[in-house]
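Survey of secondary and tertiary structure
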Amino acid sequence: MIAFCRTLLFGIGLDYYITISRKWDWGSVMCGCLTLESAPVVRLCMRDEGVGLFHSPPERLFVQRLDLRYNVTMSFDRSIIFVFLDGIGLGPADESNPFWTADTPTLHRLLGGPLVEGVEGRGHASSPVLCRAIDATLGVPGLPQSGSGQTALFTGVNAAQLVGQHIFAFPTAPLRQLIAEHSILKQAVERGLRATLANAYSDGYWDWVKKRRRGRHSAVTLTNLAAGLPFRTFDDLRQGRAVYWDITHEVSREHLQAELDLVAADEAGRRLARLGAEHHLVLYECFLPDLAGHRRLPWPSEWALSRVDGLLGGLLEARPEGATVVVCSDHGNVEDSTFKGHTVNPVPLLVIGPGAEASVWDGVRAITDVVGAILGWLKHGADRNGQTE
Ligand SMILES: [Zn+2]
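Notes on the structure follow. (Residues numbered from 1 in each chain as written. Predicted model: local features only at pLDDT ≥ 70, side-chain atom pairs only at ≥ 80, totals over all residues.)

Assigned secondary structure in the protein consists of 16 helices and 13 strands. Looking at the protein as a whole, 48% of its 389 residues are labelled buried. Partitioning the intrachain contacts of the protein with sequence separation of at least 6 by distance along the chain shows that 73% fall at a separation of at least 24. (Helix = DSSP H or I, 4+ residues; strand = E, 2+ residues; numbered from the N terminus. Buried ≥ 20, exposed ≤ 12 C-beta atoms within 10 Å, placed from the backbone. Contact = placed C-beta atoms within 7 Å.)

Next comes the structure, spelled out in structure tokens:
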């Protein structure tokens, strides 16, 4: 616990706001202390004065109950919430495209219309928004696939070109090696940034992977493993500290018999936003659109897109002031209802918030360019606060 708190305070030279709310448990009195020497600017806001927290001597802060996981919120001046939506491309503005027919009020508000071809350059809502079509084919013939596409998106390396083909679903050995070396979360951690994967994993997931013949993880899971970061659990999910891949738990309850309460899509988005207040980089994966595009959901694609839109609505509504939301995909799929497979369409890159107007996005033309831009934006923030790499 002490180690965790020290990391919390000394990790980065940014401006922290620490709020300790009243949840004192006098049964667990005095767990430890935090040393504030050489700490960054720390502002303490006590919601309940007179209990639990005092300075003695002034450079040492004693806390009666160190349950910071529940009680501390931080606000960084710059963070990124990276929403990865599997299987979303930019398709035509017609009935063949579920984005054209789905109820997506958040996207309409942001873009002045649905997320379809030609959306770039449209008049946007009050907060800065960048919307760009970027390449997901990676210069390799054939239909782009998740294994190589996600590896490219989460490492910045053209995985498909490296192995000479698009790789289905799970990264193969060379791709796993790439992720182990270049994972975006790993790179963030190495730069001293607080990073996290927002997705929750069931206890059964790890057994399930072991039992599979080749025990393969998805690119996102490997990205987190490479960084050595903990995984969020179903307990985190129940306590609102994680988001499941299906956003509302409707799919997981109905088809995977997961014992989870339903969560409104916008509430899931607000939970994601809260993680953005506590981390410089939050990664979240949702593969509802890809499943919908493959016709592997019992509901139409519009159903999946309305959940995604709800998530984005809640996320943007609760977005911390310094947080930039980045939305991207690994390949097209759901935007073409005439075909239940991937497409060669460009994928959308959406950047919403203070980072949308940054020059780091200028050169982003393909999914391999996203990692560099995200880390570039976060690095500028760290530099500005006196940090060096
Ligand atoms: Zn797919």
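Next up on the list: the sheet that holds strand β6 (residues 79–85). Taken in spatial order, the six strands make up an open sheet running β7-β13-β12-β6-β11-β8, and their pairing is mixed. Either end of the sheet is taken by a strand with one partner, and the two such strands are β7 (129–134) and β8 (195–197). Strand-to-strand twist of the sheet, defined as the mean angle between neighbouring strand axes without regard to direction, takes the value 15°. Two elements, β7 and strand β13 (residues 347–352), share six bridges in a ladder whose sense is antiparallel. Counted as the bridge partner of alanine 133 is proline 348 from β13. Helix α10 (residues 219–227) rests against β6, β8 and β11 (281–286) of the sheet, and its axis sits at about 145° to β8. (Pairing = 2+ DSSP bridges. Axes fitted to C-alpha atoms, helices over the stretch in contact; angles between N-to-C directions.)

Where helix α7 (residues 173–182) meets α10, the axes come as close as 8 Å, and the angle between the chain directions of the two elements is 40°. On the basis of the axis angle, α7 is oblique to α10. For the crossing formed where α7 meets α10, the hand is right-handed. Packed against α7, whose contacting residues are Arg176, Ile179 and Ala180, the element α10 presents Ala219, Leu222, Thr223 and Ala226 at the interface. Considering only residue class, the contact of α7 with α10 consists of five nonpolar, one polar and one charged. (Parallel < 35°, antiparallel > 145°, perpendicular 65-115°, else oblique. Left-handed = near helix turned anticlockwise from the far one by under 90°. Nonpolar A, V, L, I, M, F, W, Y, C, P; charged D, E, K, R; others polar.)

Unusually for a residue other than glycine, isoleucine 247 sits at a positive phi of about 70°. Topologically, isoleucine 247 is positioned in the loop between α11 (234–238) and α12 (250–255). Take isoleucine 247: there are 26 C-beta atoms within 10 Å of it, and that puts it in the buried class. The backbone of arginine 295 sits at a positive phi, close to 60°, despite the residue not being glycine. Mapped onto the elements of the fold, arginine 295 is located in the loop between α14 (288–293) and α15 (301–317).

The next subject is α7. Turning to α7, its buried residues number three or more, namely Leu175, Leu178 and Ile179. All buried residues of α7 fall inside an arc of 95° around its axis, so they share one side. Looking at α7, the residues exposed on the side facing more than 90 degrees away from the buried face are Ala173 and Glu181. In the core, the buried residues of α7 are packed alongside α5 (146–155), α6 (159–163) and α10. (Arc of directions from axis to C-beta.)

Taken N-terminus to C-terminus, the directions of α5 and α10 make an angle of 35°; their axes are 9 Å apart at the nearest point. Of the two elements, α5 crosses α10, and the hand of that crossing is right-handed. Mapping the contact onto sequence places Gly147, Gln150, Thr151 and Phe154 in α5 and Ala219, Val220 and Thr223 in α10. By residue class, the composition of the contact of α5 with α10 is three nonpolar, four polar and no charged.

What follows is about the environment of arginine 365. Looking at the secondary structure, you find arginine 365 in the loop between β13 and α16 (370–384). Using a count of 13 C-beta atoms within 10 Å as the deciding quantity, one classes arginine 365 as partly exposed. If near-sequence neighbours (up to four positions away) are discounted, arginine 365 is found in contact with Ile134 and Asp135.

Moving on: the pairing of β6. β6 sits mainly inside the fold: seven of its seven residues count as buried. With burial as the criterion, each face of β6 is covered, one bearing Ser79, Ile81, Val83 and Leu85 and the other bearing Ile80, Phe82 and Phe84. In this structure, β6 lies alongside β11, joined through six bridges in parallel fashion. Across the sheet, residue isoleucine 80 finds its bridge partner in β11, namely leucine 281.

Attention now goes to α5. Counting buried positions along α5 gives 10 out of 10 residues, so the element sits mostly inside the fold. The complete set of buried residues in α5 reads Ser146, Gly147, Ser148, Gly149, Gln150, Thr151, Ala152, Leu153, Phe154 and Thr155. At the exit of α5 stands glycine 156, carrying a positive phi of roughly 85°.

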